[in-house]
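Below, each chain spelled out in residue letters.
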Amino acid sequence: MCEVLKLSRSLANHKVWVVFVVTCKFVSIAIIFYWRSTQDAKDKTRLYGLPEEFKCPLFVPSPSSSGRPSQLAKNVYLVETSEQMKPNFLLMCTVESAARIHPETRIIVLMNGFAKHNFTLRFYSLLRCFTNIEFKPLDMEDLFVDTPLADWYAVAQHRWEPYFLPILSDACRLAIMWKFGGIYLDTDFIVLKSLMNLTNVLGTQSKYTLNGAFLSFESGHRFIEHCMQDFVANYNRWIWGHQGPQLFTRVFKKWCSIRSLRSSKGCRGITVLPQEAFYPIRWQDWRKYFEVIKPLERSKLFKNTYAVHVWNKKSQGTQIEMTSKALLAQLQFYYCPSTYELMKNSQ
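Small disclaimer: the values here were computed from a predicted structure and weren't measured. (Residues numbered from 1 in each chain as written. Predicted model: local features only at pLDDT ≥ 70, side-chain atom pairs only at ≥ 80, totals over all residues. Heavy atoms only, no water.)

A.B. asks: Help me understand the state of the cysteines, please; the structure alone is not making it clear to me.
C.D. replies: Formally, a disulfide is one covalent bond, and it connects the sulfur atom of one cysteine to the sulfur atom of another. One pass over the full model with this rule turns up two disulfides. One disulfide in the model links Cys93 with Cys336; its S-S distance is 2.0 Å. With the S-S bond torsion at -80 degrees, the cross-link from Cys93 to Cys336 turns out left-handed. Here the residue Cys93 occupies a position in helix 2 (residues 89-101), and Cys336 occupies one in the loop between helix 11 (327-335) and helix 12 (337-346), the gap between them amounting to 243 residues. The two residues Cys93 and Cys336 agree in class, both being buried. Sulfur-sulfur distance for the disulfide between Cys256 and Cys267 comes to 1.8 Å. Handedness of the Cys256-Cys267 disulfide follows from its S-S torsion of about -100 degrees: it is left-handed. One end of the pair, Cys256, is in helix 8 (residues 245-256); the other, Cys267, is in strand 8 (residues 266-267), with 11 residues separating them in the sequence. Neither Cys256 nor Cys267 differs from the other in exposure class; each is buried. (Disulfide = S-S within 2.5 Å. Helix = DSSP H or I, 4+ residues; strand = E, 2+ residues; numbered from the N terminus. Buried < 20%, exposed > 50% of the residue type's maximum accessible area, 1.4 Å probe, protein only.)

A.B. asks: What am I meant to see in the packing of helix 11 against helix 12 here?
C.D. replies: The relative placement of two packed helices is expressed as an angle between their axes plus a distance between the axes. Relative to each other, helix 11 and helix 12 sit at 125 degrees, their axes nearing to 5 Å. Regarding the angle of helix 11 to helix 12, the classification is oblique. Residue-level contacts link Ala329, Gln332, Phe333, Tyr334 and Tyr335 of helix 11 to Pro337, Tyr340 and Met343 of helix 12. Partitioned by chemical class, the residues of the contact of helix 11 with helix 12 number seven nonpolar, one polar and no charged. (Axes fitted to C-alpha atoms, helices over the stretch in contact; angles between N-to-C directions. Parallel < 35°, antiparallel > 145°, perpendicular 65-115°, else oblique. Contact = heavy atoms within 4.5 Å. Nonpolar A, V, L, I, M, F, W, Y, C, P; charged D, E, K, R; others polar.)

A.B. asks: Help me out: how do you make sense of the packing of aromatic side chains in this one?
C.D. replies: The relation between two aromatic rings is expressed through the spacing of the ring centres and the mutual angle of the planes. Per the stated rule, a full pass over the model turns up 21 aromatic pairs. Geometrically, the ring pair formed by Tyr77 and Phe180 is stacked, given 6.1 Å between the ring centres and 25 degrees between the ring planes. Taken as a pair, Tyr77 in strand 1 (residues 76-80) and Phe180 in the loop between helix 6 (164-179) and strand 4 (182-185) lie far apart in primary sequence, 103 residues in all. Judged by relative accessible area, Tyr77 falls into the buried class, the value being 7%. (Phe/Tyr/Trp six-rings, centres within 6.5 Å; stacked < 30°, edge-to-face > 60°.)

A.B. asks: Can you walk me through the side chain of Thr147 in this structure?
C.D. replies: Along the chain, the position of Thr147 falls in the loop between helix 4 (140-144) and helix 5 (149-156). A distance of 2.7 Å separates the side chain of Thr147 from the backbone oxygen of Phe144, its partner in a polar contact. Apart from the residues lying within four places of it in its own chain, the contact partners of Thr147 are Trp178, Lys179 and Met228. (Polar contact = N/O pair within 3.5 Å; in protein donor to acceptor, adjacent residues only side chain to side chain.)

A.B. asks: What am I meant to see in the side chain of His221 here?
C.D. replies: Its location among the elements puts His221 in the loop between strand 7 (210-217) and helix 7 (222-233). Looking at His221, the relative accessible area reads 12%, which means it is buried. Once you skip the residues sitting within four places of it in the chain, His221 turns out to touch Trp178, Asn200, Trp255 and Ile270.

A.B. asks: I tried to follow the packing of helix 2 against helix 12 on my own but got confused; where do I start?
C.D. replies: At a closest axis distance of 8 Å, the pairing of helix 2 and helix 12 adopts a crossing angle of 155 degrees. Relative to helix 12, helix 2 is oriented roughly antiparallel. Contacts between helix 2 and helix 12 pair Phe89, Met92, Cys93, Glu96 and Arg100 from the former with Pro337, Ser338, Thr339, Leu342, Met343 and Ser346 from the latter. Among the residues forming the contact of helix 2 with helix 12, the class breakdown is six nonpolar, three polar and two charged.

A.B. asks: What is the right way to read the pairing of strand 7 from this model?
C.D. replies: Within a regular beta strand, the side chains point alternately toward one face of the sheet and then the other, so they alternate between its two faces. In terms of burial, strand 7 is a largely internal element, eight of the eight residues being buried. Alignment of strand 6 (residues 201-204) against strand 7, held across four bridges, turns out to be antiparallel. Paired with Val201 across the bridge in strand 7 is Ser216. Where strand 6 folds back onto strand 7 in an antiparallel hairpin, the turn is made up of five residues. (Pairing = 2+ DSSP bridges.)

A.B. asks: I tried to follow the confidence of the model for the protein chain on my own but got confused; where do I start?
C.D. replies: When pLDDT is low, close inspection of the predicted coordinates is not appropriate. Residues of the protein chain with pLDDT of at least 70 account for 76%, and the chain-wide mean is 82. Note that residues 18-50 has pLDDT below 50 and, in this model, 16 contacts with residues that lie over four places away or in other chains. (pLDDT = per-residue confidence, 0-100.)

A.B. asks: Sorry if this is basic, but what is going on with the sheet that holds strand 8 here?
C.D. replies: The strands making up a sheet associate through backbone hydrogen bonding, with each pair oriented either parallel or antiparallel. Taking strand neighbours across the sheet as the criterion, the eight strands line up as 3-2-1-4-7-6-9-8 in an open arrangement whose pairing is mixed. At either end of the open sheet lies a strand with only one pairing partner, and these are strand 3 (133-137) and strand 8. As defined by bridge partners, strand 1 adjoins strand 4 across two bridges and the pair is classed as parallel. Residue pairing for strand 4: Val76 is matched across the bridge by Ile183. Along the sheet face, helix 2 touches strand 1, strand 2 (107-111), strand 3 and strand 4 and points at about 155 degrees away from the line of strand 2.

A.B. asks: When you look at helix 8 in this model, what are you seeing that I'm missing?
C.D. replies: In a regular helix each residue adds 1.5 Å, so 12 residues correspond to 16 Å; helix 8 covers 17 Å between its end C-alpha atoms and thus fits that length. Turning to helix 8, its buried residues number three or more, namely Leu247, Phe248, Thr249, Arg250, Val251, Phe252, Trp255 and Cys256. Residues of helix 8 that are buried sit in contact with helix 6, strand 6, strand 7, helix 7, strand 8 and strand 9 (270-273). Phi for Ser257, located one or two positions after helix 8, is positive at around 55 degrees. (Expected span 1.5 Å × (residues − 1).)

Right, here's the structure in full:
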């Protein structure tokens, strides 16, 4: 009888201990979730809390003679797939640098939030100073219609996916290139030189991988069609990059009938530019953008670079003093000076 009582007490104590441990874990998870939520909120406030009114800079490049962008030049497209209504500083720098380098070109920013809400341009005072910048709603149903991506989107938008927004961005760039052609840029680029001489081109991220953060294609190109078909046929929502860099890599290998990217710099009308063209700093080395560098070293580093990808996925939330000599601050000072001044005044 005594042994039974001891066993009962032992089981009772064990149950109490289990409940205690589970409770502690639950509270810990709740605290971590709250901390991440508040940190995200702080980051978003810092990134998106921009002044609504801004005096246009004295020197803003504008199209010559006609006063409007040339209809012959290729359009440059950027996409914001979240419902965020205000541009962050990084997007502003991308847009400004592209607009300054290409004053005769329409810089079209497609924003999902504009399609779902009654939008206003009051938040875009700075970017409205440039006559070649246009903000438009991103209507994805309309964008994907008459493409292999339409059925995928009809299903994907109603289910949970861990990387839905990045994958949605991957799909949008393919549809844009297929339907309209021109140039696509991710919203974490800084444009250094003209992209207008690049057609049917993408860049090498590493010796093993291509990347679609920059694309320049003619509309209706078969390579992009193959990419859309592969997007659907080999869809995997669980692996980061499977619908992006990995997709471009595997389609290009099939396109050129090669096993290794080292075997070809292009084929059948497609050109693949070397890593220094768009990704001179590897994503693994993203912290270099926040390190001090001499101007001469910067010039050597980007001698063969068209646009610099700053890997926002890794670097977001990292702060720098705008008066510092950090590489990113130097790039912003030279290539998006109006955004730079706005960032400096907000610190």
